[in-house]
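Read off the chains here:
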Protein chains: 2
Amino acid sequence: MAVHPRDSPFLRACRREPVPYTPVWFMRQAGRSLPEYRRVRAGVPMLESCTRPDMIAEITLQPMRRYHVDAAILFSDIMVPLRAAGVGVDIKPGIGPVVDDPVRTSADLARLRPLDAGDVPYIPQAVRMILAELGDRPLIGFAGAPFTLASYLIEGGPSRNHDTTRALMYGDPGLWHALLGRLADITISFLQVQVAAGAAAIQLFDSWVGAVSAEDYRQAVLPHTSRIFAALAAAGVPRIHFGVGTGEVLGLMAEAGADVVGADWRVPLDEAARRVGPGKALQGNLDPAALLAPWEVIKERATDVVERGRTAEGHVFNLGHGVLPETDPAVLARLTDLVHAESGLSGRPG
Amino acid sequence: MAVHPRDSPFLRACRREPVPYTPVWFMRQAGRSLPEYRRVRAGVPMLESCTRPDMIAEITLQPMRRYHVDAAILFSDIMVPLRAAGVGVDIKPGIGPVVDDPVRTSADLARLRPLDAGDVPYIPQAVRMILAELGDRPLIGFAGAPFTLASYLIEGGPSRNHDTTRALMYGDPGLWHALLGRLADITISFLQVQVAAGAAAIQLFDSWVGAVSAEDYRQAVLPHTSRIFAALAAAGVPRIHFGVGTGEVLGLMAEAGADVVGADWRVPLDEAARRVGPGKALQGNLDPAALLAPWEVIKERATDVVERGRTAEGHVFNLGHGVLPETDPAVLARLTDLVHAESGLSGRPG
């Protein structure tokens, strides 16, 4: 049955309205686990692939052809708006984002100019191509949050513990807030471009913010994520907020203004519901590593996530982090249908 | 004033007895941040340095000459007992432990034989050399816990999220428990050797166990750490248990039988005290990254840790993880004295 995207189970769950079944999508569903993705990407550097509208559209749509997932997520990378705003950054295979000149002084800040919609013409072009094929399933836009973006800029690349980031956060609050303020501006612009083009929801990824305590989150992070969510409020689309290892700050991530808080696999959803408090939906949180186990294990764990998700005011089923590269796509297809069947009145949505 | 080590502030705090001031030591105080350590280690591979009694003793004692810390920690590595028990493993500079043949099948288990005291003769030799010079400050022995050791064996080396480890934990409980059981046996033997030689306390490092949920910890990890702590009970030395990002499992780490639970910087000590419950002391938890900030910031944060530590039944001041390589030793010296002065009745212990 065809429904307007606004009445899709995904958007209804985000708005904490009744749904016929628990909607499902997977972080990194568009990407490295799909053979057709690896074919399309062969020989094309990551950040180049994120600036070619046809490639963005194709990769975004690939999982939609395989899975009955309830939403698409734009194929992009959290470094895309930074590169578009003039930051020298590349994504090296097997490593991750590598920044030419780390940002550690106020002089370095000068390299971070605001992002203009004209800097990312490929985004609205790609969104229009996607929407033309997507039918009644909504498209989720996304961006990286200031803490996580700052961690790459400050460390110069991926790091296990983001120690240099926290050292700057503690030691130079003036520079820290100036940096996060600029990153928030860039993030707001990037998300507004996506929403204006037709994204029906947005997800703000603060992947590494679990590295800070709640008190530091409140002082050093919350003002910037709050400003981003506030700037997006008028757009009227659900705002999802996710990070890894964020058990200590789930309540503050909700307080920042997210409509939907994503939890990783460490905190069960019934406990996450208590931490985020009333008026919030949850997203998550099957451990992506569980998808490498036998099906009976996956089934038991996925069913547990669905059951605990019922204690939230709204629940979007997802993994607790991105799909691992070695995941079998057939398992994701089967998992999607399992969640629909376990949560719905009449099995697989028809 | 000279005291018997058993009456030292460190051991008294571990036993939750009154102390004249909050005792201090630092994880990785013996190691990479000290120029004299880098000189001694020049040209000597890490695991070789851990098998030479004179080198172990010298490196263990180096920080004791610089700082008024209240305990020494044996210079070793969590891979030492595994290598002594026949595992092909090396520690590569800038990378970490690299295992020749990852353990992923029951056939691989055959390579893990029990550890005999005769496999590590350099440990009692080094401990005796250390105790001869250490005076009234106690020596802490240590070992890696089964989950963390298993993560290196299964992944084949360091990894960000230990995904393959959790996949095996979920997917093959039989192999998982057999592996952790053998690792627990090795760990027990290694700790018993240290205690028999004169270590006055032991710390069990489960550095990466924060990667699992509380429910999985209870099923897959707790039985093995409990057995280790139970096996050490008769020795009568305080048992410290520490991991990074363990906010969700602090209570279970206490339940496993630790006398002292170490917390990283994400959970304030007053909150950690609530999570571990009565009958436990705490260790921690100044963020090591804070030591790269200006002194006023360090002072404020360290004082806050001391104050929150007063809510615990016993408190050993430490960092929330190991000393970072770029830390200025002069800062650690000043921090040690600050904690003594802030927490004591009469300033620096004389």
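It should be emphasised that the depicted structure is a prediction, and the values quoted were computed from it without experimental measurement. (Residues numbered from 1 in each chain as written. Chains lettered and ligands numbered in written order. Predicted model: local features only at pLDDT ≥ 70, side-chain atom pairs only at ≥ 80, totals over all residues.)

### Thoughts on the overall build of chain A
This is how it is decided: The helix count covers DSSP runs of H or I at least four residues long, the strand count covers runs of E at least two residues long, and both are numbered beginning at the N terminus. In this setup the radius of gyration rests on C-alpha atoms only. A globule is expected at 2.2 Å times the number of residues raised to 0.38. Exposure in this text rests on C-beta crowding, where 20 or more other C-beta atoms within 10 Å of a residue's own make it buried, 12 or fewer make it exposed, and counts in between make it partly exposed. The C-beta atoms are placed from the backbone. C-beta atoms are first placed from the backbone for all residues, and any pair lying within 7 Å is then listed as a contact.
The number of helices and strands found in chain A is 15 helices and nine strands. In terms of overall size, chain A behaves like a compact globule, its C-alpha atoms giving a radius of gyration of 19 Å where 350 residues would be expected to give roughly 20 Å. Overall, the C-alpha framework of chain A stretches about 60 × 45 × 40 Å when taken along its three principal axes. Counting every position in chain A, which comprises 350 residues, the buried fraction comes to 56%. In chain A, 73% of the contacts between residues at least 6 apart in sequence involve partners at least 24 apart.

### Section: the confidence of the model for chain A
Residue and element names in this part refer to chain A. Put simply, the rule is: Each residue gets a pLDDT score, which is the predictor's confidence in that residue and runs from 0 to 100.
Per-residue pLDDT for chain A averages 95, and the proportion of residues at 70 or more is 97%. Note on residues 346-350: pLDDT is under 50 here. Beyond four places in sequence and across chains, it has eleven contacts. Predicted complex, confidence summary: ipTM 0.94, pTM 0.96.

### Here's the deal with the sheet that holds strand β4 (residues 139-144) of chain B
Residues and elements named next belong to chain B. Cut-off, in case you're wondering: One requirement defines pairing of two strands: DSSP has to find at least two bridges between them. To define axes, lines are fitted to C-alpha atoms, for helices over the stretch in contact only, and angles between the resulting N-to-C directions are given on a 0 to 180 degree scale.
Read from one edge of the open sheet, seven strands run β1-β4-β5-β6-β7-β8-β9, paired in parallel fashion. The sheet terminates laterally at β1 (72-73) and β9 (315-319), the two strands that pair on one side only. In this structure, strand β5 (residues 201-205) lies alongside strand β6 (residues 239-242), joined through four bridges in parallel fashion. Residue pairing for β6: Leu 204 is matched across the bridge by His 241. Across the sheet, helix α13 (residues 269-276) lies against β7 (260-262), β8 (281-286) and β9, angled at about 150° from β8, the strand it touches most.

### What about the relation of the copies chain A and chain B?
Inclusion rule: The copies were overlaid by least squares, fitting only the C-alpha atoms of residues that reach a pLDDT of 70 or more in each copy.
When chain A is fitted to chain B, the best match, at an RMSD of 0.0 Å, comes from turning it 180° and sliding it 0.0 Å along the axis. Given the turn and translation reported, the copies of this chain are related as if by a two-fold rotation axis. No C-alpha of chain A lies nearer the rotation axis than that of Arg160(A), which sits 3.2 Å from it.

### Section: helix α10 (residues 173-197) of chain A
Heads up, the rule is: Any helix carries an expected span of 1.5 Å times its number of residues minus one.
End to end, α10(A) covers 36 Å across 25 residues, agreeing with the expected 36 Å (1.5 Å per residue, within 8%). Backbone geometry just after α10(A) places Gly198(A) at a positive phi near 130°.

### Re the pairing of β8(B)
Residue and element names in this part refer to chain B. Worth spelling out the cut-off: Here a crossover is taken to be right-handed if, once the strands point away from the viewer, the path from the first strand over the helix to the second is traced clockwise.
The element β8 is extensively covered by neighbouring structure, given that six of its six residues are classed as buried. Note that β7 and β8 share three bridges and pair parallel. Bridge pairing links Gly 262 to Gln 283 in β8. Note that the unit made of β7, α13 and β8 has a crossover that is right-handed. In the sheet, β8 pairs with β9 via five bridges, with the strands oriented parallel. Across the sheet, residue Leu 282 finds its bridge partner in β9, namely His 315. Read from β8 through helix α14 (residues 295-309) to β9, the crossover connection turns out right-handed.

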